[in-house]
Amino acid sequence: MTVTETVPDNAPVPAAPLPPLAARARSTGGSPVRDILAVTARPEVINFAGGLPAPELFDAEGIADAYRAVLTETPARALQYSTTEGEPALRAALAARTTARGLATDADDLLVTTGSQQALSLLATALLEPGDTVLVEDPCYLAALQVFGFAGARVVAVPGDEHGMDPAALEELVVRERPKLLYTVPTFSNPTGRTLPADRRAAVAETAARRGVWIVEDDPYGELRFEGERVPWIASCDGARDRTVLLGSFSKVMAPGLRLGWLRAPAGLRRACAVTKQAVDLHTPTVNQLAAARYLADRDLDAHVARVAAAYGARRDAMLAGLADALPAGSAWTRPEGGMFVWARLPERYDTTALLPEVVRHDVAYVPGAPFHAGEPDRATLRLCFVTQTPDEIAEGLRRLGEGLRTASDES
């Protein structure tokens, strides 16, 4: 005899477990910098951690005028879908600016992206298979490390010195590791602020040409020069033109909220990135592109950048003037000719990650250097952004930093 157990109609059905997240999502952590920014968001904190442009220096009036113009004169176009490659007017203006800076460029050489960070993601998708090797500077832009890690790449750091990446070490690694690409921020690097000299750029280009390697040259800070002479792009070096992708952005020279970047790449790779972008977001917002193009037509962006660079130069000077008193004896730091960052190294016994909580209790913050390293981290390093605060605020922030480091050192 079989006994059948009845289940009430209103009884809950046991839920089956959901499929797991993709392996790439499970293996990729959050951004240490974003985590730090969340902790230091209190208004009383003088925050040297974020790479944030100074908002009081945005040309808010000029940008607002550009948006009003396109929404008044061409609202149907501004609010409509656009082409994946980008608005022709913006691409033409960007091509003209790039050509004027020594790299002959047509509008069709460019793909407009939703910030240069998207350009990096598109390139990783178009170029990298899981397990491929990517070479990077040491230390390296943190979000680039995240992109390459998310793509499943094996990331290998190229050793360097106070002048940046060592071309001889690069040559050895290319031969040994057979990488797909080299990623570099050669001008006012994030995080170090260093600029790779022209002779090293030529050597990098020669190695890439001879060994068959893509170069991704990221240049978000190059226009923010305070002193010294401009160094030509690697993309303009002989032998590198058919294998270098140049990334640009309006985030540091116009406003990051526009989320406008671009990549200049050889035709085949550029088409692959455009197809990838179609799958990601179809296109970068039309109204933002048209407003940026109108701004470039109606305003003098170069004059605006010159004013911003002058202010940033004064802020850099304020930071450099106070570091000797703020950092422990035996520390060393870079003296950037432009950009947004100073990189400092404390004596060997200091661990800037362990010290940070005590420093934050003094209402000041920095970014520890360890996350910027693809290989063995240098735990005595830290990054300081000098552009967000005024010179007086920088002086006060460095006073707090000195107190926090001394207190943490006394307690350890």
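The rules behind these values
- Residues numbered from 1 in each chain as written.
- Predicted model: local features only at pLDDT ≥ 70, side-chain atom pairs only at ≥ 80, totals over all residues.
- Heavy atoms only, no water.
- Pairing = 2+ DSSP bridges.
- Helix = DSSP H or I, 4+ residues; strand = E, 2+ residues; numbered from the N terminus.
- Buried < 20%, exposed > 50% of the residue type's maximum accessible area, 1.4 Å probe, protein only.
- Axes fitted to C-alpha atoms, helices over the stretch in contact; angles between N-to-C directions.

Caption draft 1: Fine view of the sheet that holds strand E14 (residues 367–368). A sheet is described by the order of its strands in space; here four strands give the open sequence E11-E12-E15-E14, paired in antiparallel fashion. Across the chains shown, the open sheet's two edge strands, defined by having one partner strand only, are strand E11 (332–333) and E14. Bridge count between E14 and strand E15 (residues 381–385): two bridges; the pairing is antiparallel. For Val367, the partnering residue across the bridge sits in E15 and is Arg383.

Caption draft 2: Just the pairing of E15, in detail. In terms of burial, E15 is largely enclosed, as five of its five residues are buried. Both faces of E15 are covered, namely the face carrying Thr381, Arg383 and Cys385 and the face carrying Leu382 and Leu384. Two strands pair when backbone bridges link them, and strand E12 (residues 341–345) and E15 are joined in this way by five bridges, in the antiparallel orientation. The partner of Val342 across the bridge, within E15, is Leu384.

Caption draft 3: Region of interest: the sheet that holds strand E2 (residues 110–113). Spatial ordering of the open sheet is given by E2-E10-E9-E8-E7-E3-E4, a layout of seven strands whose pairing is mixed. What marks the edges here is a single partner per strand, and that holds for E2 and strand E4 (154–158). Geometrically, the sheet is characterised by an average inter-axis angle of 20 degrees between neighbouring strands, direction not taken into account. Relative to strand E7 (residues 181–184), strand E3 (residues 133–137) runs parallel, the two sharing three bridges. Looking at the pairing, Val134 lines up with Leu181 of E7.

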